[in-house]
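# Coordinate analysis (summary)
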Amino acid sequence: MREKNEKSSSIYLEWCLLLVLAGAVSLLFFVGSRFLIEQMIDSYQDNPDLVQRNNEKYIEKLQKYVTEQKLSSRDSKKLDAWINNNRLIYLQIKKGSEWVYFSDIDIDEADWEAYELGVYPQQRSYTVSFSDGDTQVFIIGMYSYDAYMIALLIDIVLAFLLFMVLTMFGIRRKIQYINQLGRDIEILEGGNLAYEVHLRGNDELTELARGLNAMRVSFKNQIEAVDRLTKTNQEMVTEISHDLRTPLTSVLLYAEILQSGKCDGQEGQQKYLEKIIRKVQHMKDLSDRLLRFSVSVTEERYVPAEYIPLQGGVYDELSDMCSYLEGQGLQVKVNLMWRNGYIYVNEEYLTRILDNISSNILKYADGQAFVLIWDEYYTDEMCITFENAYLAGHVHEYGEKDSYGIGIRNIRSMTKEIGGDCEVMQSEDSFRICLRFRYKHE
């Protein structure tokens, strides 16, 4: 089971941090942009000429209102009504030396005399004619209020858009990775198990990608294992099917000898019957293995080998091989020293190896030349060599176009499985094969 990475982070935590970061950046943008815009508004609205023009405009409106309503300087309620319609304006009205109206301070008339003017500069003083005489009006206006409200609204919208952009940018990276994983999965679905799923980040999506990679590798290994088993079994079925031909030919030869009456007496007949029985038993063993391989993909190919006496274990097989070749009209010249010792081999494999060599010799050897067989001994190795001349107009199966090369391939495979080796040497007119087996002295 795949363990989760201890240092992996959570998508929920990442997104919470993203929201906090986006909010903090947006807030800083809001505060900073608002400060800058207010500074720009203040620098513009504080222009003396602009203030003067705005003051004069509202004084004209006030004068018009006073004239139309025929107000006196004491009509504070009607003045309040005008102020409510012009909420950006603050007024103080003085008639002579007496204060008669305040729009920004709620005090009683008894206290007006104690109120000192000093909050408004003198240049903001204008003369307005009421029904009871001229008055001195002091005015101050919040002319930048609308600009402040518009700027605030723009700042809020921009800060919100910045928050959304930052948030969507962070989410977009995850969506892109999810889309990438989707494309990776489509590639895997197409059968390309060698393709590696992209790993990005260290969160749940990354763990998912690691899981997909682990599943991909596991599935790929399983498919390769099944393919190897299937290929191995197919090769084994092919090899065994090929190796069944030679003992069958031998049985037919021995049966023909018995049928022709060429064997000498009862003892000769018994000898050939024993050879037939041995070959048939060998064929039965091969057919049983072929059946097991054909119905099972888990059948083991390995066949255990052991040390067997050189003379008792190999002599009979080579003797049968020589008799078989001579019975087919070939001339066999044997030069075997048969030292005392043990050869490491599997008897079934040995029979199949010699049968394959016999089959090749019969197919390609020149019947007018000798088939040579000899042995050589080394410290821990024995070599049995077979050599023959090619039949005119033929090429050995190792290079023949119409041959599958199964015989030589089988020999190589079986000798290697029991710890030996097979060397093939061929020229334009001859072929030699050397079988090397592990050997130990008595």
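Right, let's walk through the structure included here. On a predicted model such as this, the values are computed, not experimentally measured, just so you know.

About the criteria used
Residue indices begin from 1 for each chain and proceed along its sequence in written order. Local features are withheld for residues below a pLDDT of 70 in this predicted model, meaning they are given only at 70 or higher, and side-chain atom pairs are given and counted only at 80 or more; totals for whole chains, interfaces and linings count all residues. In computing side-chain values, all of the structure's heavy atoms are included and hydrogens and water are not. Any two cysteine sulfur atoms within 2.5 Å of one another count as a disulfide. Counting from the N terminus, the helices are DSSP H or I runs at least four residues long and the strands are E runs at least two residues long. A 1.4 Å probe rolled over the protein chains alone gives each residue an accessible area, and that area as a share of the maximum for its type sets the label: buried under 20%, exposed over 50%, partly exposed in between. A cavity here means a set of 1 Å grid points, computed over protein atoms only, where a 1.4 Å probe fits but cannot escape. A pocket is an open set with protein on both sides within 12 Å along at least 5 of 7 lines, and lining residues have an atom within 4 Å of a point. Grid points are joined across faces, edges and corners, and a volume is the space filled by probe spheres set on the points. Three classes are used: nonpolar for Ala, Val, Leu, Ile, Met, Phe, Trp, Tyr, Cys and Pro, charged for Asp, Glu, Lys and Arg, and polar for all others, with Gly counted as polar. As used in this record, nonpolar core signifies buried Ala, Val, Leu, Ile, Met, Phe, Trp, Tyr and Cys residues forming a set joined through side-chain atoms within 4.5 Å. For this analysis, residues touch if any pair of their heavy atoms sits within 4.5 Å. To estimate the expected span of a helix, count its residues, drop one, and scale the result by 1.5 Å. Only C-alpha atoms enter the line fits that serve as axes; for helices the fit covers just the stretch in contact. Angles between N-to-C directions range over 0 to 180 degrees. Angles below 35 degrees are treated as roughly parallel, those above 145 as roughly antiparallel, those between 65 and 115 as roughly perpendicular, and all remaining angles as oblique. In this scheme the handedness of a crossing depends on how the near helix is turned from the far one: anticlockwise by less than a right angle means left-handed, clockwise means right-handed.

### Structural notes on the state of the cysteines
What the rule picks out here adds up to one disulfide. A sulfur-sulfur distance of 2.0 Å marks the disulfide that ties C383 to C434. Of this pair, C383 sits in strand β9 (residues 381–389) while C434 sits in strand β11 (residues 430–441), placing them 51 residues apart in sequence. This pair shows no difference in class: C383 is buried, exactly as C434 is.

### Observations concerning empty space enclosed by the protein
Remark: the empty space left among the atoms is shown by a probe the size of a water molecule rolled over them. Evaluation of the coordinates by the stated rule reveals two cavities of 30 Å³ or more. Of the volumes computed, that of the largest cavity is approximately 70 Å³. Sorting the residues of the lining of the largest cavity by element identifies α6 (245–260), α8 (310–327) and α9 (347–364) as the ones contributing at least two each. Broken down by class, the residue content of the lining of the largest cavity amounts to four nonpolar, three polar and four charged. Roughly 50 Å³ of internal volume is contained in the second largest cavity. Lining the second largest cavity are 10 residues, with I357, I361, N388, F431 and I433 sitting closest to its centre. Examining the composition of the lining of the second largest cavity, we find that three residues originate from one element, α9, more than from any other.

### Comments concerning the nonpolar core
In terms of nonpolar packing, the biggest core is built from 51 residues, with L318, I357, F386, I433 and L435 touching the most fellow members. Element by element, the count of residues in this core is highest for α8, at seven residues. Contacts of L435, omitting those with residues within four sequence positions, involve I353, I357, M382, C383, I384, F386, I411, T415, D421 and C422.

### Comments concerning helix α10 (residues 406–417)
Three- or four-residue spacings in an α-helix give side chains the same orientation, since the helix completes a turn every 3.6 residues. End to end, α10 covers 16 Å across 12 residues, agreeing with the expected 16 Å (1.5 Å per residue, within 8%). I406, G407, I408, N410, I411, S413, M414 and T415 are the residues of α10 that are buried. Following α10 by one or two positions, G419 has its phi on the positive side, about 85°.

### Things to note about the packing of α8 against α9
One can describe the packing of α8 onto α9 by two numbers: an axis separation of 10 Å at closest approach and a directional angle of 20°. Judged on the interaxial angle alone, α9 and α8 are roughly parallel. Judged by the twist between their axes, the crossing of α8 over α9 is right-handed. Touching G313, V314, E317, L318, M321, Y324 and L325 of α8 are L350, T351, L354, I357, S358, I361 and L362, all from α9. When the residues that make up the contact of α8 with α9 are grouped by side-chain class, the tally is 10 nonpolar, three polar and one charged.

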